[in-house]
Amino acid sequence: MSETKRFLCVSCPVGCALTVEVEGTRVLSVEGNTCPRGVAYAEAEVSNPLRVFASTVRVEGGALSVCPVRSRAPLPLVKVFDVARELAKVVLPAPVRIGQVILPDVCGTGVDLVASRSLERKES
């Protein structure tokens, strides 16, 4: 039995409203896309949705108490809450350097979490 899902395509700046007919994880049809990327986006959203993860990590002795982090690449949407739980356990010592790997291969995704800014030590 098929069902209809609706997505906002984020593959390009147009932001097409997609209507996708699916059966399980199989895309039967895509409507509303103005470019071929819409079809690829819909297929990925149905079979294996991915998201870039962004958050903050606690920092000890830093000029700020937290540092922004992000995934180096999109990771499976089903792993986002697991990644957040793992990151909540981490406290980094200052200084932190932009691009520094915070959690390698986080939750077995093959994706590293990295610092997205540098953070110096707190001046005494």
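It should be noted that the structure appears before, not after, this text.
By convention here, each chain's residues receive numbers from 1 onward along its written sequence. Selection of residues for local features in this predicted model requires a pLDDT of at least 70, selection of side-chain atom pairs for listing and counting requires 80 or more, and totals for whole chains, interfaces and linings are taken over all residues. Only heavy atoms go into the side-chain values, all of them from the structure, while hydrogens and water stay out.

Attention shifts here to the pairing of strand β6 (residues 66-71). Each residue's exposure class comes from its accessible area (1.4 Å probe, protein chains only) as a fraction of the maximum for that residue type: buried when under 20%, exposed when over 50%, partly exposed otherwise. Helix and strand definitions here come from DSSP, where helices need a minimum of 4 consecutive H or I residues and strands a minimum of 2 consecutive E residues; each element is numbered from the N-terminal end. On β6, burial follows the alternation: C67, V69 and S71 on one face are buried, whereas V66, P68 and R70 on the facing-out side are not. DSSP-based pairing: two strands are paired if at least 2 bridges between them are found. Inspection of the sheet shows strand β5 (residues 54-60) paired to β6 by five bridges, in the antiparallel sense. Residue V57 lies in a different strand from β6, and its bridge partner there is C67. Linking β5 back to β6 in an antiparallel pair, the connection comprises five residues, with G61 at a positive phi of about 80°. One ladder, built from three bridges, connects β6 with strand β10 (residues 113-115); its direction is antiparallel.

Taken in spatial order, the three strands line up as β1-β2-β3 in an open sheet, and their pairing is antiparallel. Either end of the sheet is taken by a strand with one partner, and the two such strands are β1 (3-8) and β3 (26-31). Put simply, the sheet's adjacent strands are angled 30° from each other on average, direction ignored. Fitting a line to C-alpha atoms yields each axis, with helices limited to the stretch in contact; the angle taken between N-to-C directions then spans 0 to 180 degrees.

For E45, the location among the structural elements is in helix α1 (residues 36-47). Apart from the residues within four sequence positions on either side, E45 is in contact with F7, L50 and R51. Here, two residues are considered to be in contact whenever any of their heavy atoms come within 4.5 Å of each other.

So, on to the sheet that holds strand β9 (residues 101-103). Sheets are built from strands paired through backbone hydrogen bonds, the pairs being either parallel or antiparallel. Pairing is mixed across the open sheet formed by five strands, whose spatial order is β8-β5-β6-β10-β9. Edge strands, defined here as strands with exactly one partner in the open sheet, are β8 (91-93) and β9. Mean inter-strand twist for the sheet, computed between neighbouring axes without regard to direction, equals 45°. Together, β5, β6, β9 and β10 form the strand contacts of helix α2 (residues 80-88), whose direction differs from that of β5 by roughly 10°.

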